[in-house]
Structures are given as C-alpha cells and as structure tokens.
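Residues per chain, in single letters:
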Amino acid sequence: MGETPGSQTVSTKLGRIAKMAKQMRGVPLTTLAHHIDKAWLCEAYRRTRKDGAVGIDGQSAQQYEEKLERNLEALLERAKAGTYQAPAVRRVHIPKGDGSKTRPIGIPTFEDKVLQRAVHMVLEAVYEQDFRPCSYGFRPGRGAHQACDALWRAAMDLGGGWVLEVDIEKYFDSLVHEQLQVMLSQRVRDGVLLRLIGKWLNAGVMEGSELHHPEAGTPQGGVISPLLANIYLHEVMDEWFEQQVRPRLKGRASLVRYADDLVIVFEREADAKRVLDVLSKRFAQYGLKLHPDKTRLVPFNRPRWIGRGGRRPGTLDFLGFTFYWGRARSGAWVVKKRTAKDRISRTLRRINEWCRTHRHDDVEKQQRALAQKLNGHYAYFGVTSNYEALARVLFETEGIWRRWLSRRSRRAFKSWVKMKKLMQRYPLPRPRIVHRAAHGIA
C-alpha cells in the first residue's frame, strides 16, 4: 500500500513533534495525543504489516480492511475516551540457537498492532531527539551493520584495548513495569498515551487456553516493545555511562549498543574491571541480571603490542559476527569480521531441515528456494573480509542438497559428478560481498 494523501500531513506533524522535543530537551511533554486523528491512524495502518499471523481474535488484515473506515473511527474513539481494552497477546514458541531451546514470540491482534504503531510514531519522534549516538537497534536509519562499523572504529582507534561483552539475561521479560512508567513520565506526561502503554504492559499473555499476566517485561511481538526496551536501556545504560561512568575513567572508552546487545571498548584494563564490578549492581537496581557465562572481559589489544611470550588477543562476538585481528593486504594489523560459528551452524541446520522436508519437490523449485536462502545470508553476512565463511556456507549447502536429493528413492543416488552437472543447469548463487567496508581492509 503506497502513501496516502494524509501521509504528507502526518509527516509534517511528526516534524513538529520532533522539533518541539528537540527544543524542550529534558522537559515533560503534556500534549501529544491530540496529534493522533483519523489521518494518523490511516498512516499507522499503512505502515503496519499485513501478512503477519493473527492474534487471539483470529482477525486478519484483509478482514479488518473490509470495514476500514468504520474500524479506524471506532478505534480512535475508544483510544481517546480511555475505553480501549488491550487484548492479550497470543504467544508461540520458535526454535532458538541449536534448536534445543525455544524463544517466546508474542502475536497481538491486528487492530492492536495499528494502535501500537500510531503511538510508536509519536514516541519515536520524541525519543529520537534524546537517544544517544551509541544506540543503533530499532531506530530509523540505523541498523546492525552501522553498529558493527562503530565497534570496528572504536577498536581500531584504541588499538583494541579491552572489550566488555555484556549479555542481559531474558531482557525483554525482565523490564520492571513501574520503573519503565516512571522513565516515560519524565519525558511524556500525556494521559492518553501513558494509559495506553499501561494497558499494553498489563494486557496479559495467552498460551494455548491459559491466560496469565506477567509482572515484568514488554508486550513482545508488538511494534511498541522494541521502543519501550530502548527507552529503558537508554536510561539504565546509555545515560549512566555517558554522565557518570565516562567522566570517572582514566582512559578512553566507547559504548556500542544494539537493543539489548552491547559492548564497551576500553583503553585500559583497570577501567574495564571497575565497570564490570559495578555493572551487575547497576542493572539489579532495575530488575535486570547479567548472564554469568556470556558476560565477559576480552583482551583485544593489537597483536604487535603483546610482544614475545605474551598472550594472543581474544575474539569477540557481536550481532552474528566474530571480530578478530588479522593482516590487511598492506601487512598492517586490522580488525576483521567473519560469520560467528554458531550462526553458520544455525544456517546450515535450517537448510538441512528444509532440504529434508522438501526433497521430493521439483528440483527447479528447490533451487529457487535455496537461492533465496543463500542470497538472504549473503545480504547480511556479505561483508569485507568474510568471503571465506560465505564460501563455506555455499559448499556445505551443495553437500546437503546432494545428500537429500540422493535419498529421494533407492535409485536417486547422485555422485558429485552428477551433482555438478545438475548445478550447471540449476546453479546456486555464488558468494558476494554486499557491504564493502569504507576502511578498505581485505
């Protein structure tokens, strides 16, 4: 669905909200909900995905659209009057990591998604003026690759230094509702918006036929959840680090955060240890807990600084990449990236499962599906210095495909000679570098 005639009007309003928030930094804004009118809800509807799973009411986007005008008018009236009742979120579980564990995913109703999008548009315009440059997750114009580039620059500027990898245990399930609402009220004191957010926080979760109301956490699955999570860590981590931690350090340090994934690069080991010692106490004040095994301090100095007999620099993982020291073509030591081992294993495991369940499909159909999966992998992991890992994924995929084609029947065995001939007719896409580093390393 393309832009509507009201999109430009909404864009103008968003600009006004952003300008007001920028001019009134640190001042609570009390009049925001009046911007949400029918045109605003129409734009929120336009920005809402139409192909998602249905919520507990079973209503699809297509069904909602049949009476769109009437539905949006009724939604606006209930939201403004305070009679809107946030429906429970339908929860499902999807495989996580190696498949031995699952990750809960919440699915709101479609109408709830539209209203969450409308409120999200208002809050985003406000908080984008407050968020620190170190934050990259779920923000307009920012993404994982920008966060990785920021980490690369910090490590190169400091010659590696010491890197603190921080993992927050079950972050999205641990946010304390009362503290989140206090944080929101420090910047937004519009009763309509705060009331709606409170209803979403307390809406409950439906698993099967059982309804329960978690005392902590955000309404996962809805568009409002990542923004609320960002607001929480903006206060807990970003502001604390910039205002209280950095001025007390003896050396330089840089924080890079993507949602709840964050790393801090320190110039001095002593600074890193001091922050690690107080970090768990800081997080505990807000109901958060560091993962004891995944939170670690990594020595990451440039290899030439270690000297003979010294220990080699460690590696660190961030957003699916492993950062390590390697030689550039010029011979200089530089920080490079490669696909993390667990991400390669996860990709190959999913490809293997797909080939197993679709081995009897037409070969051309299988080729198209595998090509789509590989192109998606290259689109994210196709970064400078990572060609070897991409080539390995392609090689392993070819082997998996051959293995399952050979098991279509007793006579279906394909030697590598036959498989090579088949792939000449149905080729899989070759690895390619999509994101070339501006720093030009090889």
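Residues numbered from 1 in each chain as written. Predicted model: local features only at pLDDT ≥ 70, side-chain atom pairs only at ≥ 80, totals over all residues. Heavy atoms only, no water.

A. Quick look at the environment of H234. Along the polypeptide, H234 turns up in helix α9 (residues 224–245). Along the backbone, H234 and R410 are 176 residues apart, and their C-alpha atoms lie at a distance of 59 Å. With near-sequence residues (within four places) excluded, H234 lies in contact with D130, F131, R132, E239 and R257. (Helix = DSSP H or I, 4+ residues; strand = E, 2+ residues; numbered from the N terminus. Contact = heavy atoms within 4.5 Å.)

B. Main features of the side chain of T295. Structurally, the position occupied by T295 is in the loop between α10 (269–284) and β8 (296–299). Within polar-contact distance, the side chain of T295 engages the backbone nitrogen of D167 at 3.2 Å. Apart from residues lying up to four places away in sequence, T295 is in contact with E165, V166, D167, L276 and L290. (Polar contact = N/O pair within 3.5 Å; in protein donor to acceptor, adjacent residues only side chain to side chain.)

C. Representation of the packing of helix α12 (residues 363–381) against helix α13 (residues 387–405). Packing of α12 against α13 leaves a shortest axis separation of 11 Å and a crossing angle of 160 degrees. As summarised for this structure, α12 and α13 are arranged roughly antiparallel, according to the angle between their axes. Crossing handedness for the pair α12 and α13: right-handed. Residues V363, Q366, Q367, L370, L374, H377, Y378 and F381 of α12 form the contact with α13, whose own contacting residues are L390, V393, L394, T397, W401 and L405. Across the contact of α12 with α13, the residue classes break down as 10 nonpolar, 4 polar and no charged. (Axes fitted to C-alpha atoms, helices over the stretch in contact; angles between N-to-C directions. Parallel < 35°, antiparallel > 145°, perpendicular 65-115°, else oblique. Left-handed = near helix turned anticlockwise from the far one by under 90°. Nonpolar A, V, L, I, M, F, W, Y, C, P; charged D, E, K, R; others polar.)

D. Looking closely at the environment of S280. Along the chain, S280 turns up in helix α10. Considered as a pair, S280 and E364 are 84 residues apart in the sequence and their alpha carbons are 53 Å apart.

E. Looking closely at the sheet that holds strand β7 (residues 261–266). On the basis of which strands lie adjacent, the open sheet formed by 4 strands has the order β6-β7-β3-β8 and antiparallel pairing. Since the sheet does not close on itself, it has two edges, and those belong to β6 (253–258) and β8, each with one partner. Within this sheet the neighbouring strands show an average axis-to-axis angle of 20 degrees, counted without direction. Bridge count for β6 against β7 is 6 bridges, and the pairing is antiparallel. Note that in β7 the partner of Y258 across the bridge is D261. On the sheet, α9 packs against β6 and β7 and is oriented at approximately 175 degrees with respect to β6. (Pairing = 2+ DSSP bridges.)

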